Amino acid sequence: MTSLASVTLEVADLAAAERFYAAAFGLGPELALRASQEATSGFRGFTLSLTVAQPADVDALVAAAVEAGATAVKPASKSLWGYGGVVQAPDGTLWKIASSAKKNFGPATRAVESFVLLLGVQDVKATKEFYVGHGLTVDKSFGSKYVQFAAGSGAVTLGLYKRAALAKDAGVPADGAGSHRIVLGGTAGSFTDPDGFAWEAASLARTGE
């Protein structure tokens, strides 16, 4: 089964991005960085999500990100599904920090339970079939609105949303142009999906070679 092992963000200032992510989230090999000067503007068509155990953990990660230089796009708050907020890293990447819990049950930590990449696509059903054809297995599917693939042995969970809905959820306008500035590292080789998101062999995506 094809899995998503890593995500590589292409950033204009590599040294600054390395400092930010080390201070804000401290993620492991599932997140890689490499320098790029490709033009991009507005919404880049994806969000990254960190799922944590409780609201206090959300607040801790949001605070760490803002202190490291992120901008709060949607302040953390309660909703029907739990508690969460959205920040934008200095490199422009949108991060959603969320918990399904609405009450705290212990001291705050910065432990991350899951790392999720949501792609904003034009046609959820068509892109789902494309990925199924490349070996991914559907875990959850809600018609033309949302699809989540099984993580398998991968460190990153992949989901599909309608582009406009994903932008709305993140609290930003859906308009955007240019490079996505993201590369997905998987076990199915190199290819580009219908919305222009590029995949590489996982080892290449991790090292940036």
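All values derive from a computational prediction rather than experimental measurement. Each chain carries its own residue numbering, running from 1 in the direction its sequence is written. Confidence filtering applies because this is a predicted model: local features only for residues at pLDDT of at least 70, side-chain atom pairs given and counted only at 80 or more, and all residues used for totals across whole chains, interfaces and linings. Values shown for side chains rest on all heavy atoms present in the structure; no hydrogens or waters enter the calculation.

Visitor: Can you tell me about the sheet that holds strand 4 (residues 46-51), naming the residues and giving the values?
Guide: A pair of strands is treated as paired once DSSP finds two or more bridges between them. The helix and strand labels rest on DSSP assignments: H or I over at least four residues marks a helix, E over at least two residues marks a strand, and numbering proceeds from the N terminus. Read from one edge of the open sheet, eight strands run 5-6-7-4-8-11-10-9, paired in mixed fashion. Taken across any chain shown, the strands that pair with only one partner, and hence form the sheet edges, are strand 5 (71-78) and strand 9 (138-142). Looking at each pair of strands side by side, their axes are set apart by 15 degrees on average, direction ignored. With respect to the sheet, helix 4 (residues 163-170) is in contact with strand 4, strand 5, strand 6 (83-88), strand 7 (94-99), strand 8 (114-121) and strand 11 (157-162), its orientation differing from that of strand 11 by roughly 105 degrees. Helix axes are fitted to C-alpha atoms over the stretch in contact, other axes to C-alpha atoms as well, and angles between N-to-C directions run from 0 to 180 degrees. A contact between two residues is defined here by any heavy atoms of the two lying within 4.5 Å.

Visitor: How would you sum up the side chain of His-180? Please name residues and give values.
Guide: Among the secondary structure elements, His-180 is positioned in the loop between strand 12 (176-178) and strand 13 (182-186). From its side chain, His-180 meets the backbone oxygen of Arg-44 in a polar contact 2.7 Å long. Polar contact is the term for a pair of N or O atoms within 3.5 Å; when the atoms are in protein, one must be able to donate a hydrogen and the other to accept it, and sequence-neighboring residues count only if both atoms are side-chain atoms. At 2.8 Å, the side chain of His-180 forms a polar contact with the backbone oxygen of Asp-195. Discounting residues that sit within four places of it in the chain, His-180 has contacts with Arg-44, Phe-46, Asp-195, Gly-196 and Phe-197.

Visitor: Explain the sheet that holds strand 1 (residues 4-11) to me, using residue names and the numbers behind them.
Guide: With mixed pairing, five strands are arranged side by side in an open sheet as 2-1-13-15-14. Bordering the open sheet on either side are strand 2 (31-35) and strand 14 (191-192), each of which pairs with just one other strand. Summarising the sheet, strand 1 and strand 2 pair through five bridges and their orientation is parallel. In the strand pairing of strand 2, Thr-8 is matched with Ala-32. Its contacts with the sheet put helix 1 (residues 14-24) on strand 1 and strand 2, and the angle it makes with strand 2 is roughly 160 degrees.

Treat this as a map of the structure, not an account of what it does.
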